[in-house]
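Structure at a glance
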Amino acid sequence: MLPTVNDLTFQAATVNGSGSQSANMVLTRAIFSLGIPVAPKNVFPSNIEGLPTWYQLRVTTQGYQARKGDPDVLVALNPATWRQDLEQVRPGAAVIHQHLYSTADARTDVDYFPVPFTKLAKTEIQNDTLRKQLTNLIYVGVVAGLLEVPFEAIQEGIRRTFPTKPGAWQANEDAARIGFKYWHENFSAHERRHVLRPLTGLTDSQILLEGNQAAALGCIMGGCTVAAWYPITPSSSVCENLAAYADRYRLDKATGERRIAIVQAEDELAALGMAIGAGWAGARAMTSTSGPGISLMAEFSGLAYYAEIPVVIFDIQRIGPSTGLPTRTSQGDLAFIYTLSHGDTKHLVLLPGTVAECYEFAQTAFDLADRFQTPVFVLSDLDLGMNLWMSPQLQYPERPFDRGKVLTKDDLDRLEGEWGRYQDVDGDAVTYRTLPGTEHARAAYFTRGSGHDELARYTESPEAYAANMDRLARKLETARAAMPAPVVETADSAQIGVIAFGSTDAAVVEAREDLREQGLEFSYLRVRALPLSPSLVDFVAAHERIYVIEQNRDGQLYDLIRLELPSQLVGRLRSIRHYDGRPVTAESLSRPLLELEAVPV
């Protein structure tokens, strides 16, 4: 039987803290260097050290980026999960495992490859300090032998994984070679069911990047000069990467001074307070957090909304409040973010669905915040933020910054009559502001929350309050047209449509192609911002049934869409939800669609 070429799912089941992450990155980058598309996913527990961790790597010439269960190749190095991991693999899978694990009474429809990893490490790796970490490179070599990956690709993977540590290259290569040699000496005659072959053209101009890395680089390109943050999984790497990029791209060549202020605050509340203060002073300022931090930021978000101060807030979503599952992915903050704070509040929310959009929307967020003088939220999630994704190369921005309606000294000189900070002069509900330090007698004003009139004077007048609230509502409508439009892919004569957002996109794209082959065609609209675009109403009106797909229990986007639709269209909506904390698969979407559309399987 001929082996399957360049189409498999690999899973490593190891223990957190063992160095397996680096080994998995080496394998991923090695395969990618062969020109073969990859889609890696980490699954690790909230409590890191010593507990089980899984790494799944999907390899497919179609370039699909969604998770896919049921691995074809398993590396089992955790005795605590040995039986559980074995039950998940496909029939015919290759199972590489510690040779001491018992296969008695185990599955008989898989191929077992026992390897004495511990013994090999003890006898072949001389460095006692690094032996634990380098043991994982042994399984990289074994897998390379199994899949016929050239060892030169493993060497390339090591160099790409440790680009700034050339001193570590040889030790890692030696460890991988131990496993590569063991495979060829013990199993080379065994029939292979899956192999990898170099390709050309499929990964040209593609890079591997995490969404949080891309967002941090977008902040640099978007002119961010102040970042205040507090560490929280899965958002910490946004500001960690921002600091690393700043060390490279924000240094004054003459003085060596870093031209950006990055502050780790005492908590999330303080972090947003600092960012708002910087935004008020004219800086492009941001913070990053996850759901629990967003809860703490609610009151300050309202202050910035009512006082109309620009600030950018990244929320990398996870499951659960407080200390609930920080290492599981979710789209459960959408409704909370949109109306975050006390009283009548609606925020501008960007919803990136790809790594490239994490980069682009980070830049867009600063422009929108300045233009509309308001908080702008960028809503990502753990899957998009912390996993590597294949992406087209990022483009250097060409458009200038949009600083919005900022009055300079010369502008104030030309003004006749009284200037009011909260006056709607142009009829678009967006007012003018000055920046602290503007040298003009009329530049100063008091910044207040909701209790102010058009001239920024304190008042509790019911009429003034209502008028200000009406203007803020109109400003949201002005901003609606400036938000990124949905991505729409229509299908001729399709009676059904699908609406999704964020990282769910990868699974929807794959499910759409799969269902097309089964005779079910649908149009697709990907929401990229709140408030929702008017084109969404047209999309719903053009189809008999609409399925809203999202990664939360309560159907938050589904509910927000219902509020926007005319009453006669509400009945067309259906909800499909995935909320077990794992990245959504195409199958978990196509299966309910087939059932709900009563398509014979």
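Refer to the preceding data block for the structure.
Okay, so let's go over this structure. As the structure is a prediction and not an experimental result, all values here were calculated from the model.

Things to note about the sheet that holds strand β21 (residues 545-550)
One open sheet accounts for 5 strands, arranged β17-β19-β18-β21-β22; its pairing is mixed. Unpaired on one side and paired on the other, β17 (487-489) and β22 (573-577) mark the two borders of the sheet. This sheet shows a mean twist of 20° between the axes of neighbouring strands, independent of strand direction. Here β17 pairs with strand β19 (residues 522-527) via 3 bridges, running antiparallel. Considered in β19, the bridge of Val-487 is made with Arg-526. Packed onto the sheet, helix α21 (residues 587-596) meets β18 (496-501), β19, β21 and β22 and runs at close to 145° relative to β22.

Some remarks on the sheet that holds strand β10 (residues 226-229)
The pairing of strands in a sheet comes from backbone hydrogen bonds and takes either a parallel or an antiparallel form. Taking strand neighbours across the sheet as the criterion, the 7 strands line up as β11-β10-β12-β13-β15-β14-β20 in an open arrangement whose pairing is mixed. Both outer strands of the open sheet, β11 (261-264) and β20 (529-530), are each paired with one neighbouring strand and no more. In this sheet, strand β13 (residues 311-317) lies alongside strand β12 (residues 285-289) in parallel orientation, the contact comprising 4 bridges. Paired with Met-286 across the bridge in β13 is Val-312. Helix-sheet contacts for helix α9 (residues 268-280) involve β10, β11, β12 and β13, and the interaxial angle to β12 is about 160°.

Here's the deal with the nonpolar core
In terms of nonpolar packing, the biggest core is built from 112 residues, with Met-286 and Ile-499 touching the most fellow members. Per element, the largest residue contribution to this core is 10 residues, and it comes from helix α13 (residues 355-372). Beyond its immediate chain neighbours, meaning those up to four positions away, Met-286 contacts Cys-219, Cys-224, Val-226, Ala-227, Ala-228, Val-238, Cys-239, Leu-242, Ala-275, Val-312, Phe-314 and Phe-366. In this structure, Phe-10, Val-75, Ala-153 and Tyr-182 belong to the second largest nonpolar core, which totals 54 residues.

Some points on the pattern of salt bridges
Applying the stated criterion to the full structure yields 38 salt bridges. Notably, a salt bridge pairs Arg-58 with Glu-510, separated by 2.7 Å at the nearest N-O pair. Of this pair, Arg-58 sits in strand β4 (residues 52-60) while Glu-510 sits in helix α17 (residues 504-517), and the two are 452 residues apart along the sequence. Here Arg-58 and Glu-510 have matching classes, each one buried. One salt bridge connects Asp-580 with Arg-582, and the closest N-O pair in it is separated by 2.9 Å. The class of Arg-582 is partly exposed, set by a relative accessible area of 41%. Each of Arg-284, Asp-367, Asp-370, Arg-399, Arg-403 and Arg-433 takes part in one network of salt bridges that share partners.

Reading the values: the criteria
Residues numbered from 1 in each chain as written. Predicted model: local features only at pLDDT ≥ 70, side-chain atom pairs only at ≥ 80, totals over all residues. Heavy atoms only, no water. Pairing = 2+ DSSP bridges. Helix = DSSP H or I, 4+ residues; strand = E, 2+ residues; numbered from the N terminus. Axes fitted to C-alpha atoms, helices over the stretch in contact; angles between N-to-C directions. Contact = heavy atoms within 4.5 Å. Core = buried A, V, L, I, M, F, W, Y, C linked by side-chain atoms within 4.5 Å. Buried < 20%, exposed > 50% of the residue type's maximum accessible area, 1.4 Å probe, protein only. Salt bridge = Lys/Arg side-chain N within 4 Å of Asp/Glu carboxyl O.

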